[in-house]
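Structural overview for review
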Amino acid sequence: MHSLVVESLNTGVLLIDSDYNLVYFNHFMRSHPALKRPDVLGKNIFEVFPELPKSWMTRKLQGVFMLDSPAFSSWEQRQFLFKMQHTRPITTNSEFMAQNISMLPIKSETGNSEVDHVCITVEDATDVYFYQEKLKLTLAELERSNRTDGLTQIANRRYWEERFNTAFLSAVRYQEELSLILFDLDKFKQINDTYGHQAGDKVLIESAALIQSMLRQHDVFGRYGGEEFAILLPNTQLQGAYELAERIRIAFANQVVNYKTDSIQATLSIGVVSYHSGIRNYDDMLTRADMALYQSKRCGRNKTTIYQAG
Amino acid sequence: MIEITITEEQRDCLQELINVAMGRASDKLARYLQTFVHLQVPHIELVSSAELPQTFAETYGDDNVTLLSQGFYGQDGISGETLLIYRADHTKNIAKILGYAPDEVSEMEQLTDISSILTTTFLNGLAEQIENQIAYSAPRVISSRETSIERHLQDLSFNWELALKVAISYQVTDYEFNCDMLLLIPGVAIENIQQVLNQILEEY
């Protein structure tokens, strides 16, 4: 009766002796291709299952025999020990069965104090594995969308400020160069009024893509307000930031955004500032960039201004 | 609120059982790991579920720690969890202690493997003396450097108020390894272990 139960369990069961030879396996294990051969009983498990991580598993099994205590392997650390198909090939995309394995000490005779066999159980954890992987992807996607501006797909204000704060603290602490470019689309309200809001959106989207393509990997580009954008430039001096701002200003002025039959052109007003010891906090630095930006507006727009103290 | 107190005799008796279990564990580990594992004198007390997160925060708050748990259950309603706590700077040589080839095993797997060995050898030693048999669940990583233990515990609402806590420190001087083990026997299981202790006390 007991053996019938073991045979029909929805869990793999194998029994090995102290030489690691296969003594028994139940029906569940029969789906393993290696067990289709007739002569596997009595053979060493590492010969029968060449996929087993031999040296690690031998050490674990030694522990089970010597310490008379169980050993485990979890899919979280090792997806599987026995390379097997699982039962949900249609509704999961995992190639092999994810497994939780237990190796249990067995004393075959009562009164015998020595462990002489090890029972290995194989639980199918493919479900858990699959949903855990999905959860990870979902969380990563959630994190991404949480810091992205929906329209332009660049950093949103909250995330940009977070990055700016970190970069600012690091600049202060390690005396690193740090520059900031703040810019605003000139007469954006007029674009919206003349061509419609959808045209305005398209200008924002294409402009963001154009500028993003001009940046280095570590620069952080964010949408600061409606038509106001900010670029954080780590390890960049004032001159470098100014040159980049000018390249952006010129490329932007030459850009033509086509919307339906209209060809839309626009310009930018830009403010540039670099970190120096007079700047107390990141708000301070932003304010200065903002002042330079408005200087550009006052001077007739389509212009880059460097913040000057005093 | 359940009123549970441990008498002086019960504590001494448990202390004695634990000392013997530690001796046996140390002996077995020395043979398997081929190095001397030093177990420090255990500390036994009752803790309430309300103060557990705080206790953890005070002891491990500032450290880079990883926490693993392994559940166990025996006969006569004796069950609980052991928590193994590792500080990052004392875990570099686990692969060597376990006799694994370098780069063969991930850091988390090294931790789960050694946790399981430390837990089961000690509890088996305890079980032998009270003629019990203990089964174990697989060890799991509960929190690592990214999520603090305190935060993890605060998210839980326990269905027990008191737990019997046995704290043991392990040390492997040859490999600059050490870790803490907390054996926690919560709720009704305390009374079950008290019964076992009373029986032993009566027999003497």
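Below or above, wherever it landed, is the structure these notes cover. (Residues numbered from 1 in each chain as written. Chains lettered and ligands numbered in written order. Predicted model: local features only at pLDDT ≥ 70, side-chain atom pairs only at ≥ 80, totals over all residues. Heavy atoms only, no water.)

Regarding the environment of Asn254(A)
When you line up the elements, Asn254(A) lands in helix H8 (residues 238–254). A residue is classified by how much of its surface remains accessible, and Asn254(A), at 57% relative accessible area, is exposed. (Helix = DSSP H or I, 4+ residues; strand = E, 2+ residues; numbered from the N terminus. Buried < 20%, exposed > 50% of the residue type's maximum accessible area, 1.4 Å probe, protein only.)

Quick word on the interface of chain B and chain A
With 28 residues of chain B in contact, the opposing surface of chain A contributes 16 residues. With both chains or domains summed, chain B and chain A bury close to 1700 Å², and 51% of this area falls on carbon and sulfur atoms. By the criterion of area lost to chain A, the three top residues of chain B are Tyr32(B), Glu104(B) and Glu109(B), representing 35% of everything that side buries. Taken together, chain B and chain A are joined by three salt bridges. For Arg78(A), the salt bridge identified is with Glu109(B), shortest N-O distance 2.9 Å. If you look at where chain B meets chain A, you find eleven residue pairs in polar contact (both at pLDDT 80 or more). Here the side of chain B that touches chain A is composed, by residue class, of 13 nonpolar, nine polar and six charged. (Contact = heavy atoms within 4.5 Å. Buried area = accessible area lost by both parts, 1.4 Å probe. Salt bridge = Lys/Arg side-chain N within 4 Å of Asp/Glu carboxyl O. Polar contact = N/O pair within 3.5 Å; in protein donor to acceptor, adjacent residues only side chain to side chain. Nonpolar A, V, L, I, M, F, W, Y, C, P; charged D, E, K, R; others polar.)

A short note on the pairing of strand E12 (residues 303–306) of chain A
All names here are of chain A. Summarising the sheet, strand E11 (residues 268–274) and E12 pair through four bridges and their orientation is parallel. Within E12, the residue paired with Gly271 across the bridge is Thr305. Where the polypeptide runs from E11 across helix H9 (residues 282–298) and back to E12, its parallel neighbour, the crossover connection is left-handed. (Pairing = 2+ DSSP bridges. Right-handed = clockwise from strand over helix to strand, strands pointing away.)

Topic: the sheet that holds strand E4 (residues 99–106) of chain A
All names here are of chain A. What the five strands build is an open sheet, ordered E2-E1-E5-E4-E3; its pairing is antiparallel. Of all the strands in the sheet, the pair left with one neighbour each is strand E2 (22–25) and strand E3 (71–73). When the angles between neighbouring strand axes are averaged without regard to direction, this sheet yields 15 degrees. With six bridges connecting them, strand E1 (residues 12–17) and strand E5 (residues 117–124) associate as antiparallel partners. Bridged to Ile16 within E5 is Val118. The strands touched by helix H3 (residues 54–67) within the sheet are E1, E3, E4 and E5, with E4 carrying the most contacts at an inclination of about 40 degrees. (Axes fitted to C-alpha atoms, helices over the stretch in contact; angles between N-to-C directions.)

Regarding the sheet that holds E12(A)
Residue and element names in this part refer to chain A. An order of E7-E8-E6-E11-E12 is seen for the five strands of this open sheet, with the pairing classed as mixed. Sheet topology places strand E7 (220–223) and E12 at the edges, where each strand pairs with a single neighbour. Each strand axis lies, on average, 15 degrees off the axis of its neighbour in the sheet, ignoring direction. Here strand E6 (residues 178–185) runs beside E11; their pairing, made up of seven bridges, is antiparallel. Looking across to E11, one finds that Leu185 is bridged to Leu268. Across the sheet, H8 is in contact with E6, strand E8 (228–234), E11 and E12; its angle to E11 comes to roughly 170 degrees. Lying over the sheet, H9 contacts E6, E8, E11 and E12, oriented at roughly 145 degrees with respect to E11.

Concerning a nonpolar patch on the surface
The grouping of Leu135(A), Leu139(A) and Leu142(A) at the surface amounts to a nonpolar patch, some 290 Å² of accessible area in total. The topology assignment puts Leu139(A) in helix H4 (residues 126–146). (Patch = residues over 30% accessible without salt bridge, like charges linked within 9 Å, V, L, I, M, F, W, Y side chains within 5 Å. Areas by Shrake-Rupley, 256 points an atom, 1.4 Å probe, with all protein chains shown as cover.)

Details of the nonpolar core
Counting residues in hydrophobic clusters, the biggest one holds 86 residues, and the most contacted among them are Ile45(A), Met57(A), Phe82(A), Met103(A), Leu118(B), Phe122(B) and Tyr170(B). Considering every element that reaches this core, the biggest residue donor is helix H1 (residues 8–33) of chain B, with ten residues. In this structure, Phe82(A) is in contact with Leu14(A), Met29(A), His32(A), Phe49(A), Glu51(A), Leu52(A), Gln99(A), Ile101(A), Ile120(A) and Val122(A), ignoring residues within four places of it in sequence. Judged by nonpolar contacts, the second largest core, of 28 residues, contains Phe188(A), Ala199(A), Val203(A) and Ile264(A). (Core = buried A, V, L, I, M, F, W, Y, C linked by side-chain atoms within 4.5 Å.)

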